[in-house]
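Breakdown of the fold
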Amino acid sequence: MAARTAGGGRWEVVKKGRRPGAGGSGRGGGVDRRALGEANGVWKYDLTPPIQTTSTLYERGFEKIMKKQNKEQVPPPAVEPKKPGNKKQTKKVATLTNQNQKQGRFRSLEEALKALDVAALQKELDKSQSVFSGNPSVWLKDLASYLNYKLQAPLSEPTLSQHTHDYPYSLVSRELRGIIRGLLAKAAGSLELFFDHCLFTMLQELDKTPGESLHGYRICIQAILQDKPKIATMNLGKFLELLRSHQNRPAKCLTIMWALGQAGFANLTEGLKVWLGIMLPVLGIKSLSPFAIAYLDRLLLMHPNLTKGFGMIGPKDFFPLLDFAYMPNNSLTPSLQEQLCQLYPRLKVLAFGAKPESTLHTYFPSFLSRATPNCPPEMKKELLRSLTECLTVDPLSANVWRQLYPKHLSQSSLLLEHLLRSWERIPKKAQKSLQETIQSFKLTNQELLRKGSCNNQDVVTCDAACKGLLQQARGFRLPWTRLLLLVLIFAIGFLCHDFRSHSSFQSSLSGRLLQSSGFLPAGQKACAKIYSYSLQGYSWLEETLPAWGSHLLIVVRPSLQFAWTHINATVSFLSAHCASHLACFSDNLTSLSQRLQLPDALNQLLHSLRELPLLLYHNVLLPVWHMLLEALAGAQQYCHKACRGEVTWDCVKTQLSEAACWTWLCLQDITVAFLDWALAMISQQ
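Figured I'd write up the structure that's included with this text. (Residues numbered from 1 in each chain as written. Predicted model: local features only at pLDDT ≥ 70, side-chain atom pairs only at ≥ 80, totals over all residues. Heavy atoms only, no water.)

1. Comments concerning helix H12 (residues 268-279)
Within H12, 10 of the 12 residues are buried, leaving the element largely enclosed by the surrounding structure. Three or more residues of H12 are buried, namely Leu268, Thr269, Glu270, Gly271, Leu272, Val274, Trp275, Leu276, Ile278 and Met279. Contacts made by the buried residues of H12 are with helix H10 (236-245), helix H11 (250-261), helix H13 (289-302), helix H14 (315-326) and helix H15 (334-352). Of the residues flanking the start of H12, the one acting as N-cap is Asn267, its side-chain oxygen 2.8 Å from the backbone nitrogen of Thr269. (Buried < 20%, exposed > 50% of the residue type's maximum accessible area, 1.4 Å probe, protein only. Helix = DSSP H or I, 4+ residues; strand = E, 2+ residues; numbered from the N terminus. Contact = heavy atoms within 4.5 Å. Polar contact = N/O pair within 3.5 Å; in protein donor to acceptor, adjacent residues only side chain to side chain.)

Right under this line is the structure:
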């Protein structure tokens, strides 16, 4: 303890075990000054409770100025008269005091960052690491203390809503970022404790009346969560309890929400965890709701690819959001509710996930229970739209509806009437399953009407809607294909019966009808003309085609032989060198993928592209070429065999005639078989 005597104006130090002659010389005073500084406990750190703030080396460095002022704690060596040197020392102390006072606030954070001496920071951090070589948490606390002390700019509101999402870290220079990241990498095991230290120190500063600005701690928090966002979500329950304990202090709550929310800007999954675990529970609080919804808006805007957030929102979290968005007179203001309604479609996509065809049936009961007749119009529209989506996308939703139907008649009546209005827009596949479900509802309605249940009006409404749906599902539609087939078969059957019963076409009813109407003479004349023209054309072809064919063969044969020779040589060359070129192409793809260090998906794609040409060559091109050669050789052998060694035009004409005759017989057999099948189908119906 130090006490100043009333008369002499000198200082005395009351100390146990004081050595004799300690105040006799300046050197002895220096030793006592050092010992007293160590005895004051400036260097001690209490690291057991991770949340408690501790003294740091940097804080001790700042206390040097104050210690120079507090030289009265060390007894002077002797009573001497005042000298000019003491005046200079007093002036120096006053100057340091003024500098310490002027350290205060800069006009802006940008100005404070420009004035920051990065070399001095690095020197202080090196000193901290050398003194506390085995305690990385002290290094980190020194960093935060130094930055926060030096970056004293005007205070801003806790959420920094007027700035970008990465403010104030976005203003940090590249050199300072390198120092911060390097230290965070060295102390990677203490980052969780350091995050807690920064957050709780910020909360403690908010308790002080002229508290310091918190830009240094904010920069450290953003630097931590930019690389390791999971640190903020490792223990959300602890932070939720902390938030509830400060519920009457909005500034502290918003500071906690801002600090944890920084994790979401680096990772959508972690951001959704923070929002669902911290901000959704306080969504109804008037002072906190604007920031919660603004943060969700900014989060979804920064991550347009919602697939990374699939699986984060389940029914337990989704339906409170639905109620907040569409239920009137809740704790949100109309503007916030409208903003949440605009975010709702993206939240719905996140909730339904990557496979809605297997998850929507879990949402169906909650959707159905909310679709009451007294539901607000906008909410009712959204609920009916979502229920229809569940029924059309997930087949299990119909089974869930069957189980819930007897206890949710009023809700089911609204859904049935909506399905009746939008039946034409429902896919055909979903209509079949819904038709079976509605048929079971009809039986349930009849049973409930026989029992005379208390909600008889709802049963009547559901029964009327079910009847309308079944009637619309089984509505009269002309089966045009079957009708045309039936008319064709009836006409053929009538003609066959008419010809067989009258033994000739002229005496048949059809023939006499065509004769009396004039169609038969006109048809006979047309057939005669067609027949005569066909004979003339055939005779002309018979006369000119052999001559022109032989002439064309004489002219074209050399060119064809030359082309065939070159084609054969080209194919032989390609077949000989194609494998080597494909192997070279494959090696080039492999070396390219190794040089670029592409992701696994692109490497697999390049590997597939490398294998594709070889696969096409071995499995498609070569087999097709061999089949073509075999077909040509077989056709040549068949022509030689059919024409008995000499291929002439008469022989080719004969073979073509036989092929046409065979094709005609096959068509007749197919037609007869088709008619038999059609008659059998009609008789069954």
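2. A few points about unusual backbone geometry
Cis geometry is adopted by the peptide bond preceding Pro168, which originates at Tyr167 and carries an omega value of 10 degrees. Position of Pro168 relative to the elements: it lies in the loop between helix H6 (136-150) and helix H7 (174-186). Even without being a glycine, Leu160 presents a positive backbone phi close to 50 degrees. Take Leu160: its relative accessible area is 3%, and that puts it in the buried class. Within the chain, Asn329 stands out as a residue other than glycine whose phi angle is a positive 60 degrees.

3. Quick notes on a nonpolar patch on the surface
Together, Leu612, Leu615, Leu616, Val620, Leu621 and Val624 make up a nonpolar patch on the protein surface, roughly 520 Å² of accessible area in all. Assessed through its relative accessible area of 48%, Leu615 is described here as partly exposed. (Patch = residues over 30% accessible without salt bridge, like charges linked within 9 Å, V, L, I, M, F, W, Y side chains within 5 Å. Areas by Shrake-Rupley, 256 points an atom, 1.4 Å probe, with all protein chains shown as cover. Salt bridge = Lys/Arg side-chain N within 4 Å of Asp/Glu carboxyl O.)

4. Brief notes about the packing of aromatic side chains
Inspection of every chain in the model, using the stated rule, returns 15 aromatic pairs. With centroids separated by 4.8 Å and ring planes inclined at 75 degrees, the aromatic side chains of Trp401 and Phe441 adopt a geometry described as edge-to-face. One end of the pair, Trp401, is in helix H18 (residues 396-404); the other, Phe441, is in helix H20 (residues 428-451), and 40 residues separate them in sequence. Judged by relative accessible area, which is 1%, Phe441 ranks as buried. Joined through ring pairs, the aromatic side chains of Phe318, Phe319, Tyr326, Tyr344, Phe352, Tyr363 and Phe367 make up one cluster. Above the plane of the ring of Tyr169 lies Arg177, whose end atom (NZ or CZ) is 4.5 Å from the centre. (Phe/Tyr/Trp six-rings, centres within 6.5 Å; stacked < 30°, edge-to-face > 60°. Lys NZ or Arg CZ within 6 Å of the ring centre and 35° of its normal.)

5. Remarks on the nonpolar core
Counting residues in hydrophobic clusters, the biggest one holds 130 residues, and the most contacted among them are Met257, Trp275, Phe367, Trp401 and Leu416. What Trp275 contacts, discounting residues up to four positions off in sequence, is Leu280, Pro281, Leu283, Ala292, Tyr295, Leu296 and Leu321. (Core = buried A, V, L, I, M, F, W, Y, C linked by side-chain atoms within 4.5 Å.)

6. Notes on the packing of H11 against H13
Direction vectors running N to C along H11 and H13 enclose 10 degrees, while the axes themselves pass 11 Å from each other. Taken as axis vectors, H11 and H13 run roughly parallel relative to one another. In this structure, H11 crosses over H13, and the sense of that crossing is right-handed. Only Phe291, Ala292 and Tyr295 of H13 make contact with H11, whose side of the interface consists of Leu254, Met257, Trp258 and Gly261. Residue composition of the contact of H11 with H13, grouped by class: 6 nonpolar, 1 polar and no charged. (Axes fitted to C-alpha atoms, helices over the stretch in contact; angles between N-to-C directions. Parallel < 35°, antiparallel > 145°, perpendicular 65-115°, else oblique. Left-handed = near helix turned anticlockwise from the far one by under 90°. Nonpolar A, V, L, I, M, F, W, Y, C, P; charged D, E, K, R; others polar.)

7. Examining the pattern of salt bridges
In the structure shown here, the tally under the stated rule is 13 salt bridges. The salt bridge involving Lys208 is made with Glu205; its shortest N-O contact spans 3.1 Å. Under the relative-accessibility criterion, Lys208 is labelled partly exposed at 48%. Look at Glu205 and you get buried, because its relative accessible area is 11%. The partner of Asp323 in a salt bridge is Arg370, with the nearest N and O atoms 3.0 Å apart. Remark: Arg370 occurs in helix H16 (residues 364-370) and Asp323 occurs in helix H14; sequence separation between them is 47 residues. For Arg370, a relative accessible area of 23% translates into the label partly exposed. Within this structure, Lys348, Glu382, Arg385 and Glu389 form a network of salt bridges that share partners.

8. Examining helix H17 (residues 377-393)
Its 17 residues give H17 an end-to-end C-alpha distance of 24 Å, which sits within 8% of 24 Å, the value for a rise of 1.5 Å per residue. For H17, the elements touching its buried residues are H14, H15, H16, H18, helix H19 (409-421) and H20. (Expected span 1.5 Å × (residues − 1).)

9. Re the environment of Asp317
Within the element layout of this structure, Asp317 appears in helix H14. A relative accessible area of 22% means that Asp317 is categorised as partly exposed. When sequence neighbours within four positions are dropped, the list of residues in contact with Asp317 reads Leu276, Leu280 and Met312.

10. Topic: the side chain of Gln431
Relative to the elements of secondary structure, Gln431 occurs in helix H20. Among the polar contacts listed, one links the side chain of Gln431 to the backbone oxygen of Ile426, at a separation of 3.1 Å. For Gln431, the contacting residues outside a window of four places in its chain are Trp423 and Ile426.

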